[in-house]
Amino acid sequence: MSSDIIPFSRAWSAPHELDYLREALAGGQTAGDAAFTQRCHRWLEQRIGCHRAFLTPSCTAALEMAALLLRIQPGDEVIVPSFTFVSTASAFALFGARLVFADITPDTLTLDMAQVERLITPRTKAVIFVAYAGITPDPAPMAAMCQERGVAFVEDAAHALMAKFNGRPVGSFGCMATLSFHESKNFSCGEGGALLVNDPSLTARAEILREKGTNRAAHLRREIAKYSWVDLGSSYLSSDLCAAALLAQLEDAEAIQSRRLQLWNQYHARLSAWAATQGIALPTVPEGCEHPGHLFYVIFKTNAQRESAIAWLDQAGIKAYFHYLPLHLSDAGSRLGSAVMGCPVTESVSERLLRLPLYPSLTEDQQSRIIERLVQLPAV
Ligand SMILES: Cc1ncc(COP(=O)(O)O)c(C=O)c1O
C-alpha cells in the first residue's frame, strides 16, 4: 500500500485561471465590479435564474448582507439549524437577533420542517435553510410555509451551487440565497461568496449596502450626478482578481461536476454493501434532488467507531474529518440563542459523521486506497 498522504481537500485549478488573472492584472482594473465580476454575476444569474447576483468576499459576508437587507435588529428571532457552520447563525446574531436553533431530519440532515413550523413566533424574522452537502428535500414547501407566516426564507446554499430540486436550482427558492467560493467548495477563488437576490424589491438596497452605504452603483449607471452616503453599509465587494479566478472555474463547471459526481457515485456504490452489514448510514438523496457531489460522508453507529475510523485512516495517510459541532451547545451559541425544542438528531449525527476526501484531483487509485482501508476497519 502506498504511504503517500491523501489530503482531505485540494483546491481545483481550472484551465483558464492563470490567463484570466493575467488579463485582469494587465487591464489595470482589479477592484470590485470590473469586467470579470460582471461576467461572474451574469453566469450566476443565468444558472440560478435569480434577479441579481452579487459577488462578496465570503459566504459569511453575503449572510451579513442578508441580515442587513432584512433589517434584523435586537428583539428579532432567526431560526437556524444547529447543524451548520457558525456563519449561518453568527451573521444574524451580529445585528442583535436571538438565535432559535432547530433540529435536522436524520435522512438529509436539513432543517426539520415540523419543528420549524412550531418554532415560528410573532418575533420570527427569518428561517435560514442549509442544503447540507447540497442534498435537499424539496425546499418549496418550507418556502411557502414561511411566506404564509410572513417570515423571510433565506437559503444558505454554501454547499449547493449546481444542486437542483425538480429541475429548479437550489438558491432560487428563498427571497435570497448565499454561496461560498472558499477553497473547500466545488468552485473557489480562495475566499469568496455571493449573495443571490430573488426578490426584486431587495435589489436596490443590496446595491447600496455593498457599496459602504452609498448610491455609487446608480452614479456609475449615470442615473445620478454624484454619489453620497444614503444608508448603512459595508465593503461587501469582491476584488476582480478573485472574480477572474472564479470565472475560470465557473466556466469549467461541467468538468468539475462530472468528476465530483463520478467520485461521489463510486464511494456510494463501493461502500454500500459494507455499510449495510455494519449498520453504517450513507447519504440519502431524495427523489427529485440533483446534488452537486460536494461532500461524501458516512454516519457510524457510535462516536467510538467514528473516532477509531479517523485514527485508522490517518495511520494509512488518509485525512478524513468530522463536521459541525452542534451550535446550540457551543459557548457563543448557548449565549446568543437556544434550542427550545431540543436538537437530538444534531447531537447524535455530529458525533458519528465522517467526511471522506472528495475533490476533482483525487485519483482512482487514491479513492480505492481510501475505500479499501475503510472497509477493513477493525470492529470497536
Ligand atoms: C453552510 C455554510 N455556510 C456558510 C459558510 C461560510 O462560508 P465562507 O467561508 O465563504 O464565509 C460555510 C463554510 O464552509 C458553510 O459550510
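Residues numbered from 1 in each chain as written. Predicted model: local features only at pLDDT ≥ 70, side-chain atom pairs only at ≥ 80, totals over all residues. Heavy atoms only, no water.

Draft legend 1. Focus on the site of the ligand. In the vicinity of the ligand there are 15 residues, among which T60, D156, S180, K185 and Y324 approach most closely. A distance of 2.6 Å separates a nitrogen atom of the ligand from a polar atom in the side chain of D156. Between Y324 and the ligand, the recorded distance is 2.8 Å, taken from a side-chain N or O atom to an oxygen atom. Among the elements of the structure, α3 (59-69) and α4 (86-93) are those that each provide at least two residues to the shell around the ligand. Split into classes, the residues belonging to the shell around the ligand amount to five nonpolar, eight polar and two charged. (Near = heavy atom within 4 Å. Polar contact = N/O pair within 3.5 Å; in protein donor to acceptor, adjacent residues only side chain to side chain. Helix = DSSP H or I, 4+ residues; strand = E, 2+ residues; numbered from the N terminus. Nonpolar A, V, L, I, M, F, W, Y, C, P; charged D, E, K, R; others polar.)

Draft legend 2. Focus on the nonpolar core. Of all hydrophobic cores here, the largest spans 91 residues; its most connected members are L44, F181 and L271. For this core, the element with the most residues is helix α10 (residues 253-278), which contributes eight residues. Taken domain by domain, this core gets at least three of its residues from each of domain 1 (17-251) and domain 2 (253-375). Non-local contacts of L44, meaning those with residues more than four positions away in its chain, are made with G49, C50, A53, L55, L161, L179, F181, A194 and L196. (Core = buried A, V, L, I, M, F, W, Y, C linked by side-chain atoms within 4.5 Å. Buried < 20%, exposed > 50% of the residue type's maximum accessible area, 1.4 Å probe, protein only. Domains from an automatic or database assignment. Contact = heavy atoms within 4.5 Å.)

Draft legend 3. A look at the pairing of strand β13 (residues 353-356). What you see with β13 is no split at all: L353 and R355 on one side and L354 and L356 on the other are buried throughout. Strand direction decides the pairing type here: strand β11 (residues 296-299) and β13, joined by four bridges, are antiparallel. If you follow V298 over to β13, its bridge partner there is L354. (Pairing = 2+ DSSP bridges.)

Draft legend 4. How the structure looks around the pattern of salt bridges. Applying the stated rule across the entire model yields 18 salt bridges. Among the ionic pairs, D19 bridges to R22, the shortest N-O distance being 3.3 Å. Remark: R22 and D19 occur in helix α1 (residues 17-27); sequence separation between them is three residues, near one turn of the helix. Given a relative accessible area of 39%, D19 falls into the partly exposed group. Through salt bridges with shared partners, one network takes in R42, E45, R52, E207, R221 and E223. (Salt bridge = Lys/Arg side-chain N within 4 Å of Asp/Glu carboxyl O.)

Draft legend 5. Local environment of the sheet that holds strand β6 (residues 164-165). Within the open sheet, the three strands sit side by side as β7-β6-β10. Their pairing is antiparallel. Two strands close off the open sheet at either side, each with one partner strand: β7 (168-169) and β10 (289-290). Here two bridges tie β6 to β7, and the two strands are oriented antiparallel to one another. Across the sheet, the residue bridging to K164 is P169, located in β7.

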